[in-house]
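Summary of structural features
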Amino acid sequence: MYLYGASGHGKVVAEVAEESGYDIEAYIDENLSKEKVLSYPVLHEVPQHDIEILISIGNNRIRKRIVEQNESFSYVTLVHPKAVISKRVKIGEGTIVMAGVTINAVVRVGKHCIVNTNASIDHDCVLEDYVHISPNAALGGNVYVGEGTHVGIGVSVIQGIRIGRWCTIGAGAVIISDVPDGCTVVGNPGKIIKSRSLKI
């Protein structure tokens, strides 16, 4: 398999791939100054044959753009062996689940998501495509997170909350009410400090 993105997040993804028994051929990255990351070569152009790949870039918008520009890729889904995942969870292609994550019953995780180290997602949650749940974030039961939203480090979301598309939930925020599309929320309790266009 190949990893698209050779920065810090890419290093963690590589170790999840290794722990999951994958052979990594190389990274792909446009930064010409990068020649090797960990023990793997860095290519600066996408190989011209069919490849298995995972996009190892933390930025949700960039991941979406790469997917839209590379329709021929075959995407790998990675789940760290030290994650605890209910047998009733559905996880989309191109998603990575890091070490220490717990995902409980009847959760749906979309395509090209990141569920980062030690995050906790309780029953009946839905994460749409391109969502990033950061380390140590906790979602109560029946939480909905819209496409492209980034839930920051240590965020707490109470049960039954709906968070819109392409939102940013700042580190440590406590979310006790619904969040509309395109909003940035910080604090305890969470307050909207700005909203932005959803044009991608």
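Residues numbered from 1 in each chain as written. Predicted model: local features only at pLDDT ≥ 70, side-chain atom pairs only at ≥ 80, totals over all residues. Heavy atoms only, no water.

Some words on the pattern of salt bridges
Let me state the cut-off plainly: A pair is scored as a salt bridge if a Lys or Arg side-chain nitrogen falls within 4 Å of a carboxyl oxygen belonging to Asp or Glu. Numbering of helices and strands runs from the N terminus; a helix is a DSSP stretch of H or I covering at least four residues, while a strand is a stretch of E covering at least two. The buried label applies to any residue whose accessible area, calculated with a 1.4 Å probe on protein chains only, is under 20% of its type's maximum; exposed applies above 50%, and partly exposed to all values in between.
Evaluation of the coordinates by the stated rule reveals 3 salt bridges. We note a salt bridge from Lys64 to Glu147, for which the minimum N-O separation is 3.2 Å. Of this pair, Lys64 sits in helix H2 (residues 60-69) while Glu147 is found in the loop between strand E18 (144-145) and strand E19 (150-151), placing the two residues 83 residues apart along the sequence. Both residues of the pair, Lys64 and Glu147, belong to the buried class.

Looking at the packing of aromatic side chains
Our working rule: Put simply, two rings from Phe, Tyr or Trp (the six-membered ring, in Trp's case) pair if the centres are within 6.5 Å, and we call them stacked under 30 degrees between planes, edge-to-face over 60, tilted for the rest. Charge-over-ring placement is defined geometrically: NZ (Lys) or CZ (Arg) within 6 Å of the ring centre, and within 35 degrees of the ring normal.
Counted under the stated rule, the structure contains 2 aromatic pairs. With a centroid separation of 6.4 Å and 65° between ring planes, the pair formed by Tyr27 and Tyr40 is classed as edge-to-face. On the criterion of sequence distance, the pair formed by Tyr27 in strand E2 (residues 26-28) and Tyr40 in strand E4 (residues 40-43) is long-range, its members being 13 residues apart. Each member of the pair, Tyr27 as well as Tyr40, is classed as buried. Over the ring of Tyr144 we find Arg162, and its NZ or CZ is 3.9 Å from the ring centre.

Side note on the state of the cysteines
Basically, it comes down to this: Two cysteine sulfurs form what is called a disulfide whenever their separation falls within 2.5 Å.
Tallied over the full model, the rule gives 0 disulfides. The cysteine Cys113 is free of any disulfide, with Cys125 supplying the nearest cysteine sulfur at 12 Å. Residue classification places Cys113 among the buried residues on the basis of a relative accessible area of 1%. In this structure Cys183 is a free cysteine whose sulfur lies 5.5 Å from that of Cys167, the closest cysteine sulfur available. When its relative accessible area of 5% is taken as the criterion, Cys183 is described as buried.

Description of the domain arrangement of the chain
Put simply, the rule reads: Domain delimitation in this document rests on an assignment produced automatically or drawn from a domain database. Contacts were defined at the residue level, with two residues in contact if any of their heavy atoms lie within 4.5 Å. Here the buried area means the combined drop in accessible surface, using a 1.4 Å probe, for two parts upon being joined, counting both sides. In protein, a polar contact requires one atom able to donate a hydrogen and another able to accept it; more generally it is a pair of N or O atoms within 3.5 Å, and residues adjacent in sequence count only if both atoms are side-chain atoms. Three residue categories are used. Nonpolar comprises Ala, Val, Leu, Ile, Met, Phe, Trp, Tyr, Cys and Pro, charged comprises Asp, Glu, Lys and Arg, and polar comprises the others, including Gly.
Under the domain assignment, the chain is made up of domain 1 (2-75) and domain 2 (78-194). Listed as interface residues are 18 residues of domain 1 and, on the opposing side, 21 residues of domain 2. Summed over both partners, the interface of domain 1 with domain 2 buries about 1600 Å², with 69% contributed by carbon and sulfur atoms. Connecting domain 1 to domain 2 are 1 salt bridge. Counting across the domain 1 and domain 2 interface gives 7 residue pairs in polar contact (both at pLDDT 80 or more). Only helix H1 (8-19), strand E5 (52-55) and H2 provide two or more residues apiece to the side of domain 1 that touches domain 2. A per-element tally of the side of domain 1 that touches domain 2 places H1 first, with 6 residues. When the residues that make up the side of domain 1 that touches domain 2 are grouped by side-chain class, the tally is 10 nonpolar, 4 polar and 4 charged.

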